[in-house]
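# Observations on the model geometry
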Amino acid sequence: RYPVLDGLRIVAMMDIVSIHVTGHYLLWGMGLPVFIIVAVALGVRKPELPELSDMPSAARERAVRVLMPWVVWTVSFALNRIFWAGLDSEKTVAGLFYPWMFLGGTSIHLWFLPCIFVAELAVLGLLAPLRRVPTGLLIVGATGLAALCIIWTGAVYDQASAVYGPMTMRSEDYAERAELYGW
């Protein structure tokens, strides 16, 4: 167990749930990047990292752990879309699916799972040549890089708030943006 990482995940999830429930961040939007960083950290926490030659088996292991839930929920949301399209004569099944769904899933809320999968493999690939670097130095470097990523994410969100800012279903441009993003 890693109590600090578990605590960070709980705090990150509170920020994520807060924006979905109240429309306001609890921690200035840091929850999602912290959640992804912690998920990747937990994915590479083993004392012995796989060799580059073992990457296919590491990818399979992570695919089962991360991508299988994504597939299950993607299929569930797809069946839900098909069901409701069948009840609405104005909608077609083809109109409910978009090309980006091949990467993010059939619900906008699923995008983080393939992102975590790719990030874990990238980190494993980057750490493989660093096997001889002292662990403490790697932890300090990774923590610093993680902090910079969180700050950078916040800056990007701040720049994009005029376009992607908080919105409710009562927003004037909701229908237009919903159509654009496939909501």
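Further up the page is the structure itself.
In short, a report on the structure.

### Section: the pattern of salt bridges
Side-chain pairs of opposite charge can arise where the charged atoms are in close proximity. Tallied over the full model, the rule gives 4 salt bridges. One salt bridge connects glutamate 61 with arginine 62, and the closest N-O pair in it is separated by 3.6 Å. A salt bridge links arginine 62 to glutamate 120, with the shortest nitrogen-to-oxygen separation between them at 3.5 Å. Taken together, the positions of arginine 62 in helix H3 (residues 55-87) and glutamate 120 in helix H5 (residues 112-127) put the pair 58 residues apart, joining distant regions of the chain. What makes arginine 62 buried here is its relative accessible area of 3%. Each of the salt bridges in this network shares a partner with another, and the network as a whole consists of Glu61, Arg62, Arg65 and Glu120.

### Focus on the side chain of arginine 81
Along the polypeptide, arginine 81 turns up in helix H3. Among the polar contacts made by the side chain of arginine 81, one reaches the main-chain carbonyl oxygen of threonine 106 at a distance of 3.0 Å.

### A word on the packing of helix H2 (residues 31-43) against H5
Packing of H2 against H5 leaves a shortest axis separation of 9 Å and a crossing angle of 50°. One finds that H2 runs oblique with respect to H5. The hand of the H2/H5 crossing is right-handed. Here Phe35, Ile36, Ala39, Val40 and Gly43 of H2 come into contact with H5, specifically with Phe112, Cys115, Ile116, Ala119, Glu120 and Val123. Class assignment for the residues of the contact of H2 with H5 results in 9 nonpolar, 1 polar and 1 charged.

### Focus: a nonpolar patch on the surface
On the surface, a nonpolar cluster with roughly 590 Å² of combined accessible area is contributed by Val64, Met68, Val71, Val75, Leu79, Ile82 and Val93. Within the secondary structure, isoleucine 82 sits in helix H3.

### Examining the packing of helix H1 (residues 3-22) against H2
Between H1 and H2, whose axes approach to 8 Å, the crossing angle comes to 150°. One element, H1, and the other, H2, form an angle in the roughly antiparallel class. Seen from above, H1 lies across H2 with left-handed handedness. Listed contacts from H2 to Leu5, Leu8, Arg9, Ala12, Met13, Asp15 and Ile16 of H1 are Gly31, Leu32, Val34, Phe35, Val38, Ala41 and Leu42. Classifying every residue of the contact of H1 with H2 by side-chain character gives 11 nonpolar, 1 polar and 2 charged.

### Re the packing of aromatic side chains
Applying the stated criterion to the full structure yields 3 aromatic pairs. Between phenylalanine 35 and phenylalanine 112 the ring centres are 6.1 Å apart and the planes differ by 80°, which places this aromatic pair in the edge-to-face class. Of this pair, phenylalanine 35 sits in helix H2 while phenylalanine 112 is found in helix H5, placing the two residues 77 residues apart along the sequence. Given the relative accessible area of 17%, phenylalanine 35 is considered buried. The exposure class assigned to phenylalanine 112 is partly exposed, which follows from its relative accessible area of 23%. When the ring of phenylalanine 83 is compared with that of tryptophan 84, the centres are 5.1 Å apart and the planes differ by 80°; the resulting orientation is edge-to-face.

### Notes on the side chain of threonine 74
By the element assignment, threonine 74 lies in helix H3. With a relative accessible area of 13%, threonine 74 lands in the buried category.

### Examining the environment of histidine 24
Of note, histidine 24 is situated in the loop between H1 and H2. For histidine 24, a relative accessible area of 56% corresponds to the exposed category. Excluding anything up to four places from it in sequence, histidine 24 contacts Ser18 and Ile19.

### Quick notes on unusual backbone geometry
Of note, tryptophan 28 is a non-glycine position whose phi angle comes to about 60°, a positive value. Turning to its location among the elements, tryptophan 28 is positioned in the loop between H1 and H2. Look at tryptophan 28 and you get exposed, because its relative accessible area is 69%.

Parameters at a glance
- Residues numbered from 1 in each chain as written.
- Predicted model: local features only at pLDDT ≥ 70, side-chain atom pairs only at ≥ 80, totals over all residues.
- Heavy atoms only, no water.
- Salt bridge = Lys/Arg side-chain N within 4 Å of Asp/Glu carboxyl O.
- Helix = DSSP H or I, 4+ residues; strand = E, 2+ residues; numbered from the N terminus.
- Buried < 20%, exposed > 50% of the residue type's maximum accessible area, 1.4 Å probe, protein only.
- Polar contact = N/O pair within 3.5 Å; in protein donor to acceptor, adjacent residues only side chain to side chain.
- Axes fitted to C-alpha atoms, helices over the stretch in contact; angles between N-to-C directions.
- Parallel < 35°, antiparallel > 145°, perpendicular 65-115°, else oblique.
- Left-handed = near helix turned anticlockwise from the far one by under 90°.
- Contact = heavy atoms within 4.5 Å.
- Nonpolar A, V, L, I, M, F, W, Y, C, P; charged D, E, K, R; others polar.
- Patch = residues over 30% accessible without salt bridge, like charges linked within 9 Å, V, L, I, M, F, W, Y side chains within 5 Å.
- Areas by Shrake-Rupley, 256 points an atom, 1.4 Å probe, with all protein chains shown as cover.
- Phe/Tyr/Trp six-rings, centres within 6.5 Å; stacked < 30°, edge-to-face > 60°.

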